[in-house]
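Examination of the molecular architecture
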Amino acid sequence: MESTRGKLIELLAKEEDNFVSGQKLSEQLDISRPAVWKHMKELEKDGYVIEAAPRKGYRIVSYPDKVSMNTVQWGLSTSWLGQRLIHKASVTSTQLIAHQEAQAGAEHGTVIIADEQTKGRGRLNRSWHSYKGEGIWMSIILRPTFEPHRSPQITLLAATVLAEVFKTYVGIKPQIKWPNDLLTNGKKLAGILTELQAEEDRVNYIVLGMGINVNQPSSSFPEDIQRKASSLKIETGESLELTGLIKEILQTFEKRYNEFNEEGFRPIKLRWEAFGYRLGEMVPIQTYQKEWNGRIMGIEDDGALRVLDDKGQEQKLYSAEIQW
Ligand code: BT5
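Small disclaimer: the values here were computed from a predicted structure and weren't measured.

Turning next to helix H6 (residues 152-170). Between its terminal C-alpha atoms H6 stretches 26 Å, which fits the 27 Å expected from 19 residues at 1.5 Å a residue. Counting buried positions along H6 yields 15 of 19 residues, so the element is predominantly enclosed. Just downstream of H6 lies Gly171, where phi reads positive at about 90°.

Here's what the structure looks like:
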């Protein structure tokens with residue numbers, strides 16, 4: 001974050017519990033001391049608690065637990081993802097805003113986040129419950145240079161990123177149900193929706209939506225999904241700070257997306273398989289034409305699901321609705 005305010009937060013954050021003098025801040029930021037003071041008042045409005053001590057200077061006592069463009073961008077160590085970030089209190093769907101922004105020319109890596117969605121959507125026009133302030137409802141605009149047929153790999157990439165963050169940052173090991181669900185103990189923690197705007201041989205843009213249940217108690221979920229949905233709080237017993245988690249997801253996503261560009265799908269495939277749900281098990285599969293039983297073997301180098309049917313024949317599934 002290159003703004004004066006961003007630099008100010010970084011200077012204060014570097015010192016942690018120590019005070020930074022108004023003089024030093026004014027010199028380093030090349031602004032007057034009254035201007036420094038004005039910035040502090042603005043930070044307080046965003047939820048930062050600042051201590052100002054005569055002759056010592058300023059320090060940050062606590063960071064806001066409020067998602068905003070500033071609180072997410074502060075300290076975000078990405079180089080392209082989230083450099084432009086739009087935060088809204090309430091929207092119909094972040095996917096919709098992302099499409100509008102992309103059509104108006106928004107750059108690769110633009111992120112749209114909302115506290116609440118009134119018409120959050122899943123695949124096939126299903127709805128996605130997006131409770132105010134209890135989860136991460138976020139869409140990322142990507143402008144990849146690969147061919148359109150590779151875009152389903154983005155869903156798998158996003159799923160492995162969430163799995164990795166849940167494991168290392170939150171401390172729970174989730175499972176990925178192909179292609180877009182993150183589960184724990186069979187319950188859905190997060191879902192991914194990848195929408196594509198493409199011509200025959202060229203992707204105009206991708207809108208990658210992620211819905212992550214973070215701080216809901218189970219009573220938050222409506223009855224129809226209460227048995228099949230969970231949140232990180234339900235799993236860990238603790239509330240999580242949304243901004244920290246958003247940053248971690250964006251940073252990990254950028255790293256893995258860069259790796260995907262340089263090395264292709266293989267590293268994602270290996271990571272995906274480490275989290276694969278019911279790998280090696282026989283499960284009922286419903287494709288458009290028929291219902292059958294198959295053994296989930298893993299994914300192919302192009303992201304298709306590899307399944308052995310009951311005759312031992314290998315099948316590749318690309319877009320089937322799988323019930324298990
Ligand atoms: C998905 O669809 O899992 C994709 C969800 C993507 C949501 C994000 S939020 C940000 C962005 N903006 C949007 O409007 N959407 C994206 P699908 O696999 O079709 O699953 C939908 C099904 O999950 C529903 O039919 C319900 O059964 C269930 N469901 C709905 N809300 C849920 C929730 N909060 N937690 C768990 N399950 C839910």
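Next comes the rest of the account.
Right, let's talk about the environment of Glu10 for a bit. For Glu10, the location among the structural elements is in helix H1 (residues 4-14). Sequence-wise, Glu10 and Gly75 are 65 residues apart; in three dimensions their C-alpha atoms are separated by 6.8 Å.

With that out of the way, let us pick up unusual backbone geometry. Cis peptide bonds are those with omega within 30 degrees of zero, and the linkage from Trp178 to Pro179 qualifies with -5°. Position of Pro179 among the secondary structure elements: in the loop between strand E6 (175-177) and strand E7 (181-184). Backbone geometry places Leu124, a non-glycine residue, at a positive phi of 50°. Inspection of the secondary structure puts Leu124 in the loop between strand E4 (111-117) and strand E5 (135-142). On the accessibility criterion, Leu124 (58% relative accessible area) is exposed.

Here we take up the domain arrangement of the protein chain. Under the domain assignment used here, the protein chain contains domain 1 (4-62), domain 2 (69-275) and domain 3 (282-317). Each of domain 1 and domain 2 was reduced to a C-alpha centroid, and the two centroids are 33 Å apart. Counting residues at the interface gives 7 residues for domain 1, matched by 4 residues for domain 2. Of all residues in domain 1, the largest losses of buried area upon contact with domain 2 belong to Ile9, Asp46 and Tyr48, amounting jointly to 58% of the total for that side. Of the residues in the side of domain 1 that touches domain 2, the class split is 3 nonpolar, 1 polar and 3 charged.

Taken together, the 5 bridges between strand E1 (residues 49-53) and strand E2 (residues 57-62) define a ladder with antiparallel strand orientation. When the sheet's bridge partners are listed, Ala52 is paired in E2 with Tyr58. Connecting E1 to the next strand, E2, in antiparallel fashion are 3 residues, including Arg55 with a positive phi near 70°.

Attention shifts here to the packing of aromatic side chains. Under the defined criterion, the tally for this structure stands at 5 aromatic pairs. In this structure an aromatic cluster arises from ring pairing among Trp80, Phe146, Phe253, Tyr257 and Phe260.

This next bit is on the sheet that holds strand E11 (residues 291-299). Spatially, E10-E11-E12-E13 is the arrangement adopted by the 4 strands of the open sheet, whose pairing is antiparallel. Where the open sheet ends on each side, the last strands, each with one partner, are strand E10 (282-286) and strand E13 (314-317). Geometrically, the sheet is characterised by an average inter-axis angle of 50° between neighbouring strands, direction not taken into account. Across the sheet, helix H10 (residues 266-275) is in contact with E11 and strand E12 (305-309); its angle to E11 comes to roughly 120°.

With that settled, the discussion passes to H10. Among the residues of H10, Pro267, Ile268, Lys269, Arg271, Trp272 and Phe275 are the ones counted as buried. For H10, the elements touching its buried residues are H6, E6, helix H9 (242-263), E11 and E12.

On to the site of the ligand, then. The environment of the ligand is formed by 28 residues, the closest being Ser93, Arg121, Arg126, Lys188 and Asn213. At 2.7 Å from an oxygen atom of the ligand is found a side-chain nitrogen or oxygen belonging to Ser93. A distance of 3.0 Å is found between a nitrogen atom of the ligand and a backbone nitrogen or oxygen belonging to His129. Considered on its own, the ligand offers 790 Å² of accessible surface; in the complex 93% of this is hidden by protein. Of the residues that constitute the shell around the ligand, the class distribution is 8 nonpolar, 14 polar and 6 charged.

Rules used throughout
Residues numbered from 1 in each chain as written. Predicted model: local features only at pLDDT ≥ 70, side-chain atom pairs only at ≥ 80, totals over all residues. Heavy atoms only, no water. Helix = DSSP H or I, 4+ residues; strand = E, 2+ residues; numbered from the N terminus. Expected span 1.5 Å × (residues − 1). Buried < 20%, exposed > 50% of the residue type's maximum accessible area, 1.4 Å probe, protein only. Domains from an automatic or database assignment. Contact = heavy atoms within 4.5 Å. Buried area = accessible area lost by both parts, 1.4 Å probe. Nonpolar A, V, L, I, M, F, W, Y, C, P; charged D, E, K, R; others polar. Pairing = 2+ DSSP bridges. Phe/Tyr/Trp six-rings, centres within 6.5 Å; stacked < 30°, edge-to-face > 60°. Axes fitted to C-alpha atoms, helices over the stretch in contact; angles between N-to-C directions. Near = heavy atom within 4 Å. Polar contact = N/O pair within 3.5 Å; in protein donor to acceptor, adjacent residues only side chain to side chain. Areas by Shrake-Rupley, 256 points an atom, 1.4 Å probe, with all protein chains shown as cover.

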